[in-house]
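Read off the chains here:
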Amino acid sequence: MTTFPLDRLAERASTEPFFLGSRLKAFAARERLDDPALAARLGCAVPVLAQVRLCRAPRLDSSATYREDVTAIATKFGLNTVALAEAAKAVPVEALGPAGATEPAGAVLAARDRGTTS
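Below is a summary of the structure that appears in this document. (Residues numbered from 1 in each chain as written. Predicted model: local features only at pLDDT ≥ 70, side-chain atom pairs only at ≥ 80, totals over all residues. Heavy atoms only, no water.)

A few words on the overall build of the protein chain. Tallying secondary structure elements over the protein chain gives seven helices and zero strands in all. When the helices and strands of the protein chain are listed from N to C terminus, the series reads α-α-α-α-α-α-α. Of all 118 residues assigned to the protein chain, the portion counted as buried reaches 32%. Excluding contacts between residues fewer than 6 apart, the proportion of contacts in the protein chain whose partners are at least 24 apart in sequence is 55%. (Helix = DSSP H or I, 4+ residues; strand = E, 2+ residues; numbered from the N terminus. Buried < 20%, exposed > 50% of the residue type's maximum accessible area, 1.4 Å probe, protein only. Contact = heavy atoms within 4.5 Å.)

Right, let's talk about the nonpolar core for a bit. Residues Leu20, Leu24, Leu38, Leu42, Ile73, Leu79 and Leu84 are the most contacted members of the largest nonpolar core, which totals 22 residues. For this core, the secondary-structure elements that each account for two or more residues are helix H2 (20-31), helix H3 (35-42), helix H4 (48-53), helix H5 (63-77) and helix H6 (81-88). At five residues, the largest contribution of residues to this core is made by H5. The contacts of leucine 42, once residues within four sequence positions are left out, are Leu24, Leu49, Leu79, Asn80, Ala83, Leu84 and Ala87. (Core = buried A, V, L, I, M, F, W, Y, C linked by side-chain atoms within 4.5 Å.)

Now for the environment of alanine 83. As for its placement among the helices and strands, alanine 83 is situated in helix H6. It is 6.6 Å that separates the C-alpha atoms of alanine 83 and arginine 41, two residues lying 42 residues apart in sequence. Beyond its immediate chain neighbours, meaning those up to four positions away, alanine 83 contacts Arg41 and Leu42.

Let us now look at the pattern of salt bridges. Across all of its chains, the model carries five salt bridges by this definition. A salt bridge links arginine 30 to glutamate 31, with the shortest nitrogen-to-oxygen separation between them at 3.3 Å. For arginine 59, the salt bridge identified is with aspartate 69, shortest N-O distance 2.7 Å. In this pair, arginine 59 sits in the loop between H4 and H5 while aspartate 69 sits in helix H5, placing the two residues ten residues apart along the sequence. Arginine 59 sits in the partly exposed class, given a relative accessible area of 28%. (Salt bridge = Lys/Arg side-chain N within 4 Å of Asp/Glu carboxyl O.)

Purely geometric stuff here, so don't read any function into it on its own.
Dropping the structure here:
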């Protein structure tokens, strides 16, 4: 299989939290998706994934900025906005804890916190 320079760059960027690729990598690992399945979930062709991975990760400082960033990326590449929003919130692979963990550390705590804010 031929690897193109953009694909190699996107693969490297997927290890850096600054890039959306790192969140997509964590999401794909959690959901057990290969590139064709990830592309299908996002609503794009597989070659478009490299460009999407090289985008800056959506800002998490507020829901408004997160929504703005996700919408901009989805619009630019013709992605499913809801699917991208879900994937872009994925916890980095390093935060998943011990090998084989299926839930990110803190997931139970977050669920408990939601119940107490009513």
